[in-house]
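Examination of the molecular architecture
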There are 2 protein chains.
Amino acid sequence: MPKDRDTEARILAAARTVFIRRGTSGARLQEIAAEAGVNQALVHYYFGSKDDLAERVFIEAAQTLVPAFAPIPVPGMVFEDLITAFVQGYIDAVRQAPFIPGYVLSEATHHPERLETLMRTAIGTVPREVAARTFPIVERMIAERVAQGTLRPMNVQQLLVNVMALSVFPFVARPMLAAAFGFDDESFHAFLDERREDLPRFIINALRP
Amino acid sequence: MPKDRDTEARILAAARTVFIRRGTSGARLQEIAAEAGVNQALVHYYFGSKDDLAERVFIEAAQTLVPAFAPIPVPGMVFEDLITAFVQGYIDAVRQAPFIPGYVLSEATHHPERLETLMRTAIGTVPREVAARTFPIVERMIAERVAQGTLRPMNVQQLLVNVMALSVFPFVARPMLAAAFGFDDESFHAFLDERREDLPRFIINALRP
DNA sequence: GTCTATATCCAGATAGAC
DNA sequence: GTCTATCTGGATATAGAC
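Residues numbered from 1 in each chain as written. Chains lettered and ligands numbered in written order. Predicted model: local features only at pLDDT ≥ 70, side-chain atom pairs only at ≥ 80, totals over all residues. Heavy atoms only, no water.

On to the packing of helix 11 (residues 185-206) of chain A against helix 9 (residues 156-172) of chain B. Where helix 11 of chain A meets helix 9 of chain B, the axes come as close as 11 Å, and the angle between the chain directions of the two elements is 65°. Put simply, helix 11 of chain A runs roughly perpendicular to helix 9 of chain B. Helix 9 of chain B is crossed by helix 11 of chain A, and the crossing has right-handed handedness. Facing helix 11 of chain A, whose interface residues are Phe-191, Glu-194, Arg-195, Asp-198, Leu-199 and Phe-202 of chain A, helix 9 of chain B presents Gln-157, Gln-158, Leu-159, Val-161, Asn-162 and Leu-166 of chain B. For the contact of helix 11 of chain A with helix 9 of chain B, the per-class residue count stands at six nonpolar, three polar and three charged. (Axes fitted to C-alpha atoms, helices over the stretch in contact; angles between N-to-C directions. Helix = DSSP H or I, 4+ residues; strand = E, 2+ residues; numbered from the N terminus. Parallel < 35°, antiparallel > 145°, perpendicular 65-115°, else oblique. Left-handed = near helix turned anticlockwise from the far one by under 90°. Contact = heavy atoms within 4.5 Å. Nonpolar A, V, L, I, M, F, W, Y, C, P; charged D, E, K, R; others polar.)

Right, dumping it as structure tokens:
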């Protein structure tokens, strides 16, 4: 079915760029074709309709967001290290493709049906399984420490949202932050560097009894 | 220039609804007209082009996000109360219009030029003035407490981003959270209720020395 | 001020030559 | 497999009647 692998890859890469830049509705097939250096008809030839292509790009983008959550595996790790690994791993990963989170969140609100498709995907179910496995582990981890008196009680769901919020928000809100704080590329990255170091302590402190 | 005030208001309200629901590019003037119970030609009659209307809706939405930051005024308030007031005030405010933050952030990334327009607006400059006034106050507040040894040193910019992130993120990521945690409307609001109570303590704890 | 009808444009999609 | 040319539909926008 895939004809020329290279062309296909170039179009797909261009599609990612354009869909992420403009959003699904704002994207134009013409712009994708130009970015890929091919004719617009080729886009259809390789990927069918715009909607097909958009869905594919979204699913893939949403998936790249998930592995970032993977560093959860907990061998004999203490809670503090887990938090640090998660936060720093996440920031490092997202930095490689800083517009993915905003794109995924925005698409998820405008096209909720895509989320359903994602969830039915084989890979889409992974996060739920990961969550089902790691949630209890983290909960036990916290419970033990709470019993020891070295951690205060905390709802794990709320904690997870806190950690994600603190890690992801700067990327999603980047244009606003840039406008508010006068960030350019350099100062934004300096801000992230500082954040990468500060966040783990912030979170760990918050959980002291 | 405004002809019939009521019709104008109905169209504008409809425009808000549709633009926020679909995003600027995804919105259709026909849907706005239908939602307002008027003909599509009237939309042009009152607001000119789609782009004009979109910009107006965005500017207004971005502004409603700002007053939420206003509860910053600090009379003889202690730092802990400031954090609590901010977080709870913000959550309460955004709950009234829970899709505003996602819409504003998404538009800000897809149409950065709108941000510039916003910043040149009279009201657009308010946040910067507010920030210019309150930043030093908060900085002094923290510095005193740090000197006292009752607060650990903390970059105010990072702190502000942390507070915003923790408050705003659940709304922006609502569809993802709903999919991940199986939230419906009711459990999502229960989650917010809990959050409203937990967050201030989380943040305040994080700042203990 | 509000409508119907229509013009204009542009994007997605297909046909068919090479 | 890749292109040019073209069709079709839909969306913004305008003209003009009421």
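The next thing to look at is the domain arrangement of chain A. Residue and element names in this part refer to chain A. The domains assigned to chain A are domain 1 (5-48) and domain 2 (66-207). If you average the C-alpha positions of domain 1 and of domain 2, the two centres end up 30 Å apart. Contact between domain 1 and domain 2 buries roughly 400 Å² in total, counting both sides, with carbon and sulfur atoms accounting for 64%. Inspection of the domain 1/domain 2 interface yields one residue pair in polar contact (both at pLDDT 80 or more). Within the side of domain 1 that touches domain 2, the residues separate by chemical class into two nonpolar, three polar and no charged. (Domains from an automatic or database assignment. Buried area = accessible area lost by both parts, 1.4 Å probe. Polar contact = N/O pair within 3.5 Å; in protein donor to acceptor, adjacent residues only side chain to side chain.)

Okay, the interface of chain B and chain A next. Each partner contributes to the interface: chain B provides 51 residues, whereas chain A provides 52 residues. When the two sides are added together, the surface that chain B and chain A hide from each other amounts to roughly 4500 Å², 67% of it contributed by carbon and sulfur. Sorting the residues of chain B by area buried against chain A places Gln-158, Phe-169 and Phe-202 of chain B first, and these three jointly supply 16% of that buried surface. Inspection of the chain B/chain A interface yields zero salt bridges. Taken together, the connections running from chain B to chain A amount to 18 residue pairs in polar contact (both at pLDDT 80 or more). Residue assignment for the side of chain B that touches chain A shows that the elements contributing at least two residues are helix 1 (5-22), helix 6 (100-110), helix 7 (112-120), helix 9, helix 10 (174-181) and helix 11 (185-206) of chain B. Taken together, the residues that form the side of chain B that touches chain A break down as 32 nonpolar, eleven polar and eight charged. (Salt bridge = Lys/Arg side-chain N within 4 Å of Asp/Glu carboxyl O.)

Per the stated rule, a full pass over the model turns up 19 aromatic pairs over all chains. Taking 6.4 Å as the distance between ring centres and 65° as the angle between the ring planes, the aromatic pair formed by Phe-202 of chain A and Phe-202 of chain B counts as edge-to-face. A residue pair is termed interchain when its members come from two chains, as with Phe-202 of chain A in helix 11 and Phe-202 of chain B in helix 11. The pair Phe-202 of chain A / Phe-202 of chain B is uniform in exposure class, with both members buried. When the centroid spacing of 5.2 Å and the interplanar angle of 45° are considered together, the rings of Phe-183 of chain B and Phe-191 of chain B count as tilted. The residues Phe-183 of chain B and Phe-191 of chain B share a single accessibility class, namely buried. An aromatic cluster is defined as three or more aromatic residues linked by ring pairs; in this entry it consists of Phe-135 of chain A together with Phe-171, Phe-181, Phe-183, Phe-188 and Phe-191 of chain B. (Phe/Tyr/Trp six-rings, centres within 6.5 Å; stacked < 30°, edge-to-face > 60°. Buried < 20%, exposed > 50% of the residue type's maximum accessible area, 1.4 Å probe, protein only.)

Next up on the list: helix 5 (residues 79-96) of chain A. In this model helix 5 of chain A runs 26 Å from its N-terminal to its C-terminal C-alpha over 18 residues, within 8% of the 26 Å that 1.5 Å per residue would give. Of all the positions in helix 5 of chain A, only Phe-79, Leu-82, Ile-83, Phe-86, Val-87, Gln-88, Tyr-90, Ile-91 and Val-94 of chain A are classed as buried. (Expected span 1.5 Å × (residues − 1).)

Further remarks concern the protein's contact with DNA strand D. Around DNA strand D, the surrounding shell holds 17 residues, and the nearest of these are Lys-3, Thr-7, Asn-39 and Tyr-46 of chain A together with Lys-50 of chain B. In the interface set of DNA strand D, defined as its atoms within 4 Å of the protein, sugar plus phosphate atoms amount to 67%. Between Asn-39 of chain A and DNA strand D, the recorded distance is 2.9 Å, taken from a backbone N or O atom to a phosphate oxygen. Within the backbone of Lys-50 of chain B, an N or O atom sits 2.7 Å from a phosphate oxygen of DNA strand D. By residue number, the principal contributor to the surface near DNA strand D is helix 3 (residues 40-47) of chain A, which donates four residues. A breakdown of the residues in the surface near DNA strand D according to their chemical character gives eight nonpolar, five polar and four charged. (Near = heavy atom within 4 Å.)

Attention now goes to the relation of the copies chain B and chain A. Placing chain B over chain A gives an RMSD of 0.1 Å and needs a rotation angle of 180°, together with 0.0 Å of translation along the axis. Both chain copies can therefore be described as sitting about a two-fold axis. When C-alpha distances to the rotation axis are compared across chain B, the minimum falls at Ala-206 of chain B, with a value of 1.9 Å. Most of the interface of chain B is mirrored in chain A: 100% of its interface residues are interface residues there too. (Least-squares fit on C-alpha atoms with pLDDT ≥ 70 in both.)

Another aspect to go through is the side chain of Arg-152 of chain B. You can see Arg-152 of chain B is positioned in the loop between helix 8 (126-148) and helix 9. Buried charged residue Arg-152 of chain B carries no salt bridge. Nearest counter-charge: Asp-198 of chain A, at 6.2 Å. Polar side-chain contacts of Arg-152 of chain B include one of 2.9 Å to the backbone oxygen of Ala-206 of chain B. (Lys, Arg positive; Asp, Glu negative; His and termini not counted.)

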